[in-house]
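Close look at the chain arrangement
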2 protein chains.
Amino acid sequence: MKKTTIKDVAKKAGVSYVTVSKVFNNRGAISEKTAEKIKKIGAELNYTPDRAARALVSGKSETIAVVSPEFASAFTQLLFEGLQESSLKSGKEMNFFATGATGEGLEHIIESIYAEKKAGAVIVISQCPEEAQIKKLKEAGIRVVLIEGKSENAVCISSDNIKGGYEAGMRLLSGKCRRPGIIVGDVKYISSQSERLAGFLKALKEKGVLKNGYETFEIRKHNFQDGKNAFNSFVEKGVDCVFSAAGDVPAYGFLFEARKQRVSGIRIIGFDDAVMSEGMGLTTVKQYVKEMGMAAFDAAAGKENTNLSFVTKLITRETA
Amino acid sequence: MKKTTIKDVAKKAGVSYVTVSKVFNNRGAISEKTAEKIKKIGAELNYTPDRAARALVSGKSETIAVVSPEFASAFTQLLFEGLQESSLKSGKEMNFFATGATGEGLEHIIESIYAEKKAGAVIVISQCPEEAQIKKLKEAGIRVVLIEGKSENAVCISSDNIKGGYEAGMRLLSGKCRRPGIIVGDVKYISSQSERLAGFLKALKEKGVLKNGYETFEIRKHNFQDGKNAFNSFVEKGVDCVFSAAGDVPAYGFLFEARKQRVSGIRIIGFDDAVMSEGMGLTTVKQYVKEMGMAAFDAAAGKENTNLSFVTKLITRETA
DNA sequence: TTCCCGCGACCTCTTGCCTAG
DNA sequence: ACTAGGCAAGAGGTCGCGGGA
């Protein structure tokens with residue numbers, strides 16, 4: 001059973017295969033009647049254009065490359081869901097490339113996507129390629145979408161991290177809060193981290209608490225253990241309210257350690273509203289990550305091309 | 001800057017491009033000398049064969065399709081890491097397809113992979129396609145690898161779930177255990193679940209506890225909330241030791257709820273050794289998931305073609 | 001003229017067969 | 001009669017034009 005090709009359709013429709021091609025690409029002038037007929041026959045014969053052939057002749061791939069430092073975090077999980085959902089709908093495929101935690105592989109991977117025409121669009125997560133490289137892709141007709149990154153030449157999709165951090169700060173300070181602490185990732189390279197921090201500090205300042213100082217616990221892996229470490233560090237320093245700008249998972253670790261050590265009274269707010277946060281009772285700044293994923297996909301697919309800043313929403317639960 | 005093609009290499013080497021093709025495919029009779037020269041020039045020019053053209057002419061794709069009900073679980077996360085690692089090394093790419101939780105999409109997705117030649121190999125996670133479909137793929141030269149599934153016509157990779165369940169049971173029964181409970185997923189359709197249950201029951205039987213009966217809490221989503229529900233159900237029934245065959249995440253929920261309600265003394269063992277288990281202090285049956293991912297990739301890439309059953313290892317921590 | 005449609009060239013690479021030594 | 005290497009025919013499409021009605 002061979003695959004049905006454009007020629008099979010053409011033969012059955014009694015036209016040249018060129019005409020069929022045009023119909024399936026909405027190109028050239030084809031009469032309504034012929035087009036209908038061809039479409040119908042195409043459906044009957046279950047015809048789908050051959051991706052390889054298409055890519056070959058057009059010099060472009062339709063697949064979307066997703067580049068991320070890792071695919072195992074709560075954030076990428078959720079993003080993934082959104083991407084998947086859109087991908088399923090559109091029929092376009094995705095390829096995933098991990099750059100490694102440090103991101104040294106980013107440039108190299110993007111270069112190979114470019115050189116080997118592996119994709120017609122690239123979605124970069126939590127990282128920012130060099131401007132020159134982005135430009136090069138753009139000129140080659142490869143769309144670039146940045147999630148949590150900034151660039152002039154790409155569609156940028158991110159949460160309103162400043163506002164999120166601000167809201168977390170305001171919430172924390174609306175209750176008892178003598179000494180605030182913040183758990184934060186790499187503020188130098190990850191823009192979301194510096195933005196959340198900035199938002200948080202803005203709240204502190206507004207409330208007049210900034211002058212009293214605050215504690216910072218900087219982490220790299222954004223994992224459970226880091227959160228536990230943060231707890232031990234903070235408890236020693238008398239921190240009584242904390243904002244985990246680094247995400248929910250460190251907050252889980254923090255909470256867990258607190259409950260284990262039977263320390264209560266420290267209030268904490270996370271960031272993400274990851275899957276376990278509800279169960280944990282964690283107050284957190286919800287990001288609409290899944291929606292971001294869907295938007296990113298649409299942008300990559302060319303349906304959308306404006307920068308998007310997603311709102312965040314403070315979800316208050318038990319911990320703050 | 002156009003991509004360097006086989007012709008560029010040929011021109012520079014002063015041979016026909018056919019010769020170059022043959023060299024890069026180790027086919028036909030080419031003298032050692034010419035081959036060397038061509039390879040050298042190919043490297044100089046940074047030549048990589050065009051995937052699309054190759055796929056077109058050979059009728060086969062080199063990419064590996066990964067099909068899973070979802071990509072957001074602890075298990076798939078870890079698996080993903082392994083797949084990524086191998087993929088990075090081999091240079092082969094992967095495409096991911098979500099079938100949805102119920103798996104109704106599985107047949108359809110595999111069919112489309114087959115019909116549209118989207119991949120040269122398929123890795124199916126936690127599901128089992130119809131035997132006939134597997135055969136069809138096999139006959140078309142598409143390798144099929146099943147993770148946690150069984151088939152005559154595919155390479156099967158799984159954990160030794162029976163042994164894992166057994167060890168968990170033995171451990172639990174080696175301490176105080178008046179009434180055992182098991183949290184389990186869909187035993188009908190997910191072979192790992194029925195196997196773990198079987199192993200666990202074997203232990204109960206051996207210890208002569210089976211006749212006293214045991215509690216079961218069946219869940220579908222394998223999430224945190226399910227674990228909390230399990231706790232509430234079990235605590236009512238006087239269960240004092242539980243095995244979460246459904247994975248670590250429900251065990252997290254269970255544990256969390258227990259600590260929250262200040263109930264201690266219920267011992268629990270999970271399955272997976274997911275990322276947060278160490279932090280949680282959860283005793284669990286470790287699966288070498290990442291290694292399974294790597295093995296699955298190698299099998300899909302054609303490097304390996306024997307069924308593999310991975311050992312499990314009981315990691316004892318605080319909870320049991 | 002205008003509207004539809006098809007010719008022919010081309011995209012990059014593989015492969016069976018052929019030819020020049 | 002071998003051996004090293006080339007010719008030509010596709011694989012399944014796209015697209016600019018040319019041309020018939």
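Residues numbered from 1 in each chain as written. Chains lettered and ligands numbered in written order. Predicted model: local features only at pLDDT ≥ 70, side-chain atom pairs only at ≥ 80, totals over all residues.

**Notes on the overall build of chain A**
Within chain A, the secondary structure is distributed over 13 helices and 12 strands. Taking 320 residues into account, the globule formula puts the C-alpha radius of gyration at 20 Å, and chain A, at 25 Å, lies well above it. The principal-axis extent of the C-alpha atoms belonging to chain A is close to 80 × 40 × 35 Å. Each of the 320 residues in chain A was classed as buried or not, and the buried ones make up 49%. Taking as baseline every contact in chain A between residues at least 6 positions apart, the subset at least 24 positions apart corresponds to 69%. (Helix = DSSP H or I, 4+ residues; strand = E, 2+ residues; numbered from the N terminus. Rg over C-alpha atoms; globule rule 2.2 N^0.38 Å. Buried ≥ 20, exposed ≤ 12 C-beta atoms within 10 Å, placed from the backbone. Contact = placed C-beta atoms within 7 Å.)

**Some details on the protein's contact with DNA strand D**
Lining the immediate surroundings of DNA strand D are 28 residues, of which Ile6, Ser21, Asp50 and Ala53 of chain A together with Thr19 of chain B lie closest. Going through the elements one at a time, helix 2 (17–25) and helix 4 (51–58) of chain A together with helix 2 (17–24) and helix 4 (51–58) of chain B are the ones with two or more residues in the surface near DNA strand D. Take the surface near DNA strand D: its biggest share by element is five residues, from helix 4 of chain A. For the surface near DNA strand D, the per-class residue count stands at 14 nonpolar, 10 polar and four charged. (Near = placed C-beta within 6 Å. Nonpolar A, V, L, I, M, F, W, Y, C, P; charged D, E, K, R; others polar.)

**Side note on the nonpolar core**
Among the nonpolar cores identified, the biggest contains 168 residues, and Val122 and Val145 of chain A together with Val122 and Val145 of chain B are the most heavily contacted of them. Residues contacting valine 145 of chain B, with those up to four places away along its chain left out, are Ala121, Ile123, Ala154, Val155, Ile157, Ala296, Ala299 and Ala300 of chain B. (Core = buried A, V, L, I, M, F, W, Y, C linked by C-beta atoms within 7 Å.)

**Details of the sheet that holds strand 9 (residues 267–272) of chain B**
Residues and elements named next belong to chain B. Taken in spatial order, the six strands of this open sheet run 7-6-8-9-10-12, and their pairing is mixed. A single partner strand is all that each edge strand has here, and the edge strands are strand 7 (215–218) and strand 12 (312–315). Strand-to-strand twist in this sheet, taken as the mean axis angle between neighbours without regard to direction, amounts to 15 degrees. The pairing of strand 9 with strand 10 (residues 283–287) spans four bridges and is parallel. Its bridge partner being in strand 10, aspartate 272 is matched across the sheet by lysine 286. Each of strand 6 (180–184), strand 8 (241–244) and strand 9 is contacted by helix 9 (residues 191–206), which is oriented at about 170 degrees to strand 6, the strand it contacts most. The strands touched by helix 10 (residues 224–236) are strand 6, strand 7 and strand 8; relative to strand 7, the strand with the most contacts, the crossing angle is about 155 degrees. (Pairing = 2+ DSSP bridges. Axes fitted to C-alpha atoms, helices over the stretch in contact; angles between N-to-C directions.)

**A short note on the sheet that holds strand 12 (residues 312–315) of chain A**
All names here are of chain A. The strand order across the open sheet formed by six strands is 7-6-8-9-10-12, and the pairing between neighbours is mixed. The open sheet terminates on both sides in strands that have one partner only, identified here as strand 7 (215–218) and strand 12. Averaged over all pairs of adjacent strands, the angle between their axes in this sheet comes to 15 degrees, without regard to strand direction. Pairing analysis gives four bridges linking strand 6 (residues 180–184) to strand 7, with the strands arranged parallel.

**Describing the protein's contact with DNA strand C**
DNA strand C sits among 27 residues. The nearest are Thr19 of chain A together with Ile6, Ser21, Asp50 and Ala53 of chain B. Among the elements of the structure, helix 2 and helix 4 of chain A together with helix 2 and helix 4 of chain B are those that each provide at least two residues to the surface near DNA strand C. Tallying contributions element by element places helix 4 of chain B first for the surface near DNA strand C, with five residues. Taken together, the residues of the surface near DNA strand C break down into 13 nonpolar, 10 polar and four charged.

**Focus: the packing of helix 5 (residues 74–90) of chain A against helix 13 (residues 289–300) of chain A**
Residue and element names in this part refer to chain A. Close contact between helix 5 and helix 13 brings their axes to 7 Å; oriented N to C, the two are set at 45 degrees. Comparing their axes, helix 13 and helix 5 come out oblique. As for how helix 5 packs across helix 13, the hand of that crossing is right-handed. Along the contact surface, helix 5 presents Phe75, Leu78, Leu79, Phe80, Glu81, Gly82, Leu83, Glu85, Ser86 and Ser87, while helix 13 presents Val289, Lys290, Glu291, Met292, Gly293, Met294, Ala296, Phe297 and Asp298. Grouping the constituent residues of the contact of helix 5 with helix 13 by class yields 10 nonpolar, four polar and five charged. (Parallel < 35°, antiparallel > 145°, perpendicular 65-115°, else oblique. Left-handed = near helix turned anticlockwise from the far one by under 90°.)

**A few points about the relation of the copies chain A and chain B**
In screw terms, the move from chain A to chain B is a rotation of 180 degrees and a rise of 0.1 Å along the axis, fitting with an RMSD of 0.4 Å. Each copy turns onto its partner about a two-fold axis. In terms of C-alpha distance to the rotation axis, chain A has alanine 52 of chain A as its closest residue, with the C-alpha 2.2 Å off the axis. An overlap of 94% is found between the interface residues of chain A and their copies at the interface of chain B, pointing to a shared contact surface. (Least-squares fit on C-alpha atoms with pLDDT ≥ 70 in both.)

**Topic: the domain arrangement of chain A**
The domain boundaries assigned to chain A delineate domain 1 (6–49), domain 2 (64–159 + 291–310) and domain 3 (161–288). With centres defined by C-alpha atoms, the gap from domain 1 of chain A to domain 2 of chain A works out at 34 Å. (Domains from an automatic or database assignment.)

**Considerations on the interface of chain A and chain B**
Each side of the interface is counted separately: chain A has 35 residues, and chain B has 33 residues. Broken down by secondary-structure element, the contributors of at least two residues to the side of chain A that touches chain B are helix 4, helix 5, strand 2 (94–98), helix 10 (224–236), helix 11 (248–260) and helix 12 (277–280) of chain A.

**As for helix 2 of chain A**
Residue and element names in this part refer to chain A. Those residues of helix 2 lying buried are Thr19, Val20 and Val23. The arc that holds every buried residue of helix 2, seen down its axis, measures 100 degrees, which confines them to one face. Across from the buried face of helix 2, at angles greater than 90 degrees, the exposed residues are Val18 and Asn25. Contacts made by the buried residues of helix 2 are with helix 1 (6–13) and helix 3 (32–44). Asparagine 26 sits one or two residues past helix 2 and shows a positive phi near 50 degrees. (Arc of directions from axis to C-beta.)

**What about the environment of alanine 35 of chain B?**
Residue and element names in this part refer to chain B. Assignment of secondary structure puts alanine 35 in helix 3 (residues 32–44). According to the C-beta neighbour criterion, alanine 35 is partly exposed, with 16 such atoms within 10 Å. In the structure, alanine 35 is positioned 15 residues away from valine 20 in sequence and 8.0 Å away in space, judged by C-alpha atoms. In this structure, alanine 35 is in contact with Val23 and Ile30, ignoring residues within four places of it in sequence.

**What to know about the pairing of strand 6 of chain A**
Residues and elements named next belong to chain A. Counting buried residues along strand 6, five of its five residues qualify, which places the element largely inside the surrounding structure. Burial along strand 6 is two-sided: Pro180, Ile182 and Val184 facing one way and Gly181 and Ile183 facing the other are all buried. Each parallel crossover has a hand, and the one from strand 6 via helix 9 (residues 191–206) to strand 7 is right-handed. (Right-handed = clockwise from strand over helix to strand, strands pointing away.)

**Observations regarding the environment of valine 239 of chain A**
Looking at the element boundaries, valine 239 of chain A is found in the loop between helix 10 and strand 8 (241–244). Considered as a pair, valine 239 of chain A and glycine 265 of chain A are 26 residues apart in the sequence and their alpha carbons are 10 Å apart.

**Quick word on the pairing of strand 2 of chain A**
Residue and element names in this part refer to chain A. Counting buried positions over the five residues of strand 2 gives five, a clear majority of the element. Residue alternation in strand 2 divides its side chains into two sets, Met94, Phe96 and Ala98 and Asn95 and Phe97, and both sets are buried. Examined bridge by bridge, strand 1 (residues 64–68) and strand 2 share five bridges and lie parallel to one another. Across the sheet, isoleucine 64 pairs through a bridge with methionine 94, a residue of strand 2. Running through helix 5, the crossover from strand 1 to the neighbouring parallel element strand 2 is right-handed.

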